[in-house]
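Overview (structure and organization)
The residues making up each chain are set out below.
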Amino acid sequence: MKVPNPLGTIENTRTPEQRSHMEETIGKGKCPFCDLDKKLNIPLRHTIHWNIWKNPFPYPNHKEHIVIAPGRHVTDINFLSNEEWIELLQLICWAINKYDLKGGGVVMRFGEPKYNAGTLNHLHVQIQAPDGEHTSIAVFGKGPALRPMIKLLIEEKWQTTV
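Below: a short report on this structure. (Residues numbered from 1 in each chain as written. Predicted model: local features only at pLDDT ≥ 70, side-chain atom pairs only at ≥ 80, totals over all residues. Heavy atoms only, no water.)

**Remarks on the pattern of salt bridges**
Opposite charge on two side chains allows them to pair when their charged atoms are near. Under the criterion given, the structure shown has five salt bridges. Between Lys30 and Asp35 there is a salt bridge, with the nearest N and O atoms lying 3.6 Å from each other. On the accessibility criterion, Lys30 (36% relative accessible area) is partly exposed. With relative accessibility at 45%, the residue Asp35 sits in the partly exposed group. (Salt bridge = Lys/Arg side-chain N within 4 Å of Asp/Glu carboxyl O. Buried < 20%, exposed > 50% of the residue type's maximum accessible area, 1.4 Å probe, protein only.)

Here it is as structure tokens:
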């Protein structure tokens, strides 16, 4: 039986680039959100408790896909302080206004990767704003249908831009 990696789930990656990055970080015992690679995750803003950057591995058909993660290693929403929650809400509002997002979703996964489809066991929030023209998704479970679904989303965008 395979022992789960306490830092994340490489099997939940969506692209070869994301998988390679995860193998170089969590595969070697390093949390990529604790030791942020600022060339890959270019900081948009840093506060007392949080870092915010554009997702280098965005889902297809998004105008913006932004990640907000605590600077300290937190794996459970129950371990966030009131101060951290307040600051997180302020950052979400900042990003929505800064990037003039007309709509989208704020996604925070929690719990076991089997149920949340996450790749990292470092709590984080994603602001996902669709491009307004194509189907966009937020994922909470990665069964066998996900990869073909993402392929269809990419093809949908390609077909409507040709």
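**Points about the pairing of strand 3 (residues 62-70)**
When you tally the buried positions in strand 3, you get eight out of nine residues, the bulk of the element. Looking at chain direction, strand 2 (residues 50-54) and strand 3 are connected through five bridges and run antiparallel. Looking at strand 3, one finds that Trp50 is bridged to Pro70. As judged from the six bridges shared by strand 3 and strand 5 (residues 125-130), these two strands associate in the antiparallel manner. (Helix = DSSP H or I, 4+ residues; strand = E, 2+ residues; numbered from the N terminus. Pairing = 2+ DSSP bridges.)

**Re the packing of aromatic side chains**
As enumerated under the stated definition, the model contains two aromatic pairs in all. Their ring planes at 75 degrees and their centres at 5.0 Å tell us that Phe33 and Trp53 sit as a pair that is edge-to-face. Residue Phe33 is located in the loop between helix 1 (16-24) and strand 1 (43-46), and its partner Trp53 is located in strand 2; the two are separated by 20 residues in the primary sequence. Here Phe33 falls in the buried class, since its relative accessible area comes to 10%. Geometrically, the ring pair formed by Trp94 and Tyr99 is edge-to-face, given 6.4 Å between the ring centres and 90 degrees between the ring planes. Under the relative-accessibility criterion, Tyr99 is labelled buried at 16%. (Phe/Tyr/Trp six-rings, centres within 6.5 Å; stacked < 30°, edge-to-face > 60°.)

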